[in-house]
Amino acid sequence: METIVSVGFYFPSDEDNYIPFNSKSSLSDGDIIIIDPNLSKYSYQLDYPPSYQGKPLYSSNSSFQILDHLAHWQSEILTGLNSGKTIFIVLTEKSEFFIHTGQKLFSGAGKNQKTTHTVELCHNYKFLPVSNFNFTSVTGKAIFPSSEIVVNLFKHCKNLLKYEISITPNENAKAPLFTTKSKDKILGHTVKIGKGNLVLIPSITFPDEFYDNDDEWTAEAIIWGRRFTQILAEISKAMKSDREKTPTPAWVFNETFNLIEATATKNLILKNEEKLLKIQKDITELQQSLAEQEVIKDLLFESGHALEHAVTKALKILGYSAEGYDDGKLELDQIIISPEGDRFIGECEGKDSNHIDISKFRQLQDALNEDFAREEVSEKAFGILFGNPQRLMDPSSRTLDFTDKCKRGAEREKIALVKTSDLFTITRYIQESKDEDYKIQCRNAIKQQLGTIVKFPDSKAMS
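Residues numbered from 1 in each chain as written. Predicted model: local features only at pLDDT ≥ 70, side-chain atom pairs only at ≥ 80, totals over all residues. Heavy atoms only, no water.

Their axes nearest at 10 Å, the elements helix 6 (residues 304-317) and helix 9 (residues 420-433) cross at an angle of 40°. One element, helix 6, and the other, helix 9, form an angle in the oblique class. Helix 6 and helix 9 meet at a crossing whose hand is left-handed. For the pair formed by helix 6 and helix 9, the contact residues are Leu307, Val311, Ala314 and Ile317 on the first element and Thr420, Leu423, Thr427, Ile430 and Gln431 on the second. Here the contact of helix 6 with helix 9 is built from residues that sort into six nonpolar, three polar and no charged. (Axes fitted to C-alpha atoms, helices over the stretch in contact; angles between N-to-C directions. Helix = DSSP H or I, 4+ residues; strand = E, 2+ residues; numbered from the N terminus. Parallel < 35°, antiparallel > 145°, perpendicular 65-115°, else oblique. Left-handed = near helix turned anticlockwise from the far one by under 90°. Contact = heavy atoms within 4.5 Å. Nonpolar A, V, L, I, M, F, W, Y, C, P; charged D, E, K, R; others polar.)

Take a look at the structure:
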């Protein structure tokens, strides 16, 4: 399967295939490349004053960076095309701006001498290795495919496409890929360079429904993205074919020229694509379920927020209510309430190769005091320090737990110390056995062993 690398074009995917445009990464790992040259996404700094002749003027440092990045991608694209890659360019808005050339002009002499820094006009399509194409800013949504090779792309992206640029190729260029309805503007084209193909396509904008509340891609968006990558691969494969074929004129798609067998086959393809999308959606949902089911494995090797999430999940399996807390002033890993009415504050810590030390213990003490100071809290909570020492080792080989200072402090302050590897063992058993009595025994163990490293009760059913 061909690998797709995306430069500046963030599209729905569960693969790690994104590269920012303001980097100097290589395209060698990708068979198919898709590039969005929208420079406004990046932190290039404007000069002071920030404009010249009505257009943005970038600072000397950013001017150098922009030229460096444009030159880098031109070199990478040429190398990729010469080696046979297919490179898609998403035709986002053409932006013109001025940059410093690094040259200086001097006038006058002595104290009257003046220095002028020279600037030149530049645009975000300077990186393209084609000199026979002109790009003109123009906007609209009425886009029509002019070649069979992009019909599937058009159908898949139809409601997401818009044009921000029209293209004027040289007179010897092949037929376009996309045009306006009246065919007076070319909105997509292809250029053969070396062994590869440069494919220019209209801009694609993703709707709000593609994002969840955490600004991550939804399951439906991921499915859309998988089909999108398949279509790009199909176009690439077709363009690499040695068979020369005249691009299909748009009028051939009129119903007048329909073939009964071909229409039936197309309908079968559509039905199978719908089945494929359904299967892909089911797989995505199953993958999400699997990821949630395996969260408690993070108790064995994680640290930071991932460990906090796993501890919260485990506590809920034990029958507690457990949630993180952050009011902008006070942030707590967990506020934990047992069915018996006991209230705890939890803090989590993972160490690569050491004991859990006193620093996290002090943080838990501070959290307990700050929580108690809140107006709505009438009774001080108990503390639980969840530790994952030597987290990168097999739990059976670990020899460390909590430092002596931690243990003495826990005994004095009546704070429970819980090893998350032990928490994994009991949580797995409860999940699989549904043993409600054992849940109660484990909660009692935590309450009764405040001030020590908690030892959970054995179960004959546990393996």
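Let us keep going from here.
The full count for this structure, using the stated rule, is 22 aromatic pairs. Geometrically, the ring pair formed by Tyr10 and Trp217 is tilted, given 5.1 Å between the ring centres and 35° between the ring planes. Highlighted residues: Tyr10 in the loop between strand 1 (4-7) and strand 2 (18-19) and Trp217 in the loop between strand 14 (196-204) and helix 3 (219-240), separated in sequence by 207 residues. Residues Tyr125 and Phe135 carry aromatic rings whose centres are separated by 5.0 Å and whose planes lie at 20° to one another, so their mutual orientation is stacked. Of this pair, Tyr125 sits in the loop between strand 8 (114-123) and strand 9 (134-140) while Phe135 sits in strand 9, and the two are 10 residues apart along the sequence. When its relative accessible area of 9% is taken as the criterion, Phe135 is described as buried. Seen from the ring of Tyr325, Arg374 lies directly overhead, with NZ or CZ sitting 4.3 Å from the centre. (Phe/Tyr/Trp six-rings, centres within 6.5 Å; stacked < 30°, edge-to-face > 60°. Buried < 20%, exposed > 50% of the residue type's maximum accessible area, 1.4 Å probe, protein only. Lys NZ or Arg CZ within 6 Å of the ring centre and 35° of its normal.)

Below, the discussion takes up helix 7 (residues 358-372). The end-to-end C-alpha distance of helix 7 is 21 Å, a good match for the 21 Å that 15 residues give at a rise of 1.5 Å each. Looking at helix 7, one finds that the buried residues are Lys360, Phe361, Leu364, Ala367, Leu368 and Asp371. In a view along the axis of helix 7, the buried residues occupy a sector of 115°, so they form one face of it. Taken together, the buried residues of helix 7 touch strand 16 (331-337), strand 17 (343-350), strand 18 (382-388), helix 8 (404-413) and strand 19 (415-419). (Expected span 1.5 Å × (residues − 1). Arc of directions from axis to C-beta.)

Further remarks concern the side chain of Lys439. With respect to the helices and strands, Lys439 occurs in helix 10 (residues 436-448). A polar atom in the side chain of Lys439 sits 3.4 Å from the backbone oxygen of Ile317. When neighbours within four sequence positions are excluded, Lys439 is seen to be in contact with Ile317, Leu318, Gly319 and Ile430. (Polar contact = N/O pair within 3.5 Å; in protein donor to acceptor, adjacent residues only side chain to side chain.)

Another aspect to go through is the side chain of Lys94. Of note, Lys94 is situated in the loop between strand 6 (86-91) and strand 7 (96-107). A polar contact of 3.0 Å, which involves the side chain of Lys94, links it to the backbone oxygen of Phe135. If we ignore the near neighbours within four places in the chain, the residues touching Lys94 are His123, Asn124, Tyr125, Phe135, Ser137 and Ile165.

Quick look at the pattern of salt bridges now. Evaluation of the coordinates by the stated rule reveals 25 salt bridges. In this structure, Lys185 and Asp184 form a salt bridge, with 3.6 Å as the shortest nitrogen-oxygen distance. Residue classification places Lys185 among the partly exposed positions, given a relative accessible area of 29%. You can call Asp184 exposed: its relative accessible area is 52%. Linking Arg343 and Asp371 is a salt bridge whose minimum nitrogen-to-oxygen distance equals 2.7 Å. On the criterion of sequence distance, the pair formed by Arg343 in strand 17 and Asp371 in helix 7 is long-range, its members being 28 residues apart. In this structure Asp371 comes out as buried when scored by relative accessible area, which is 0%. (Salt bridge = Lys/Arg side-chain N within 4 Å of Asp/Glu carboxyl O.)

Further remarks concern the sheet that holds strand 17. The strand order across the open sheet built from five strands is 15-16-17-18-19, with neighbouring strands paired in mixed fashion. Since the sheet does not close on itself, it has two edges, and those belong to strand 15 (321-326) and strand 19, each with one partner. Each adjacent strand pair in this sheet contributes to an overall mean axis angle of 30°, direction not counted. Of the strand pairs in this sheet, strand 18 and strand 19 are connected by five bridges, and their pairing is parallel. When the bridges of strand 19 are listed, Leu385 appears paired with Leu417. Against the sheet, helix 7 touches strand 16, strand 17, strand 18 and strand 19, its axis set at about 155° to strand 17. (Pairing = 2+ DSSP bridges.)

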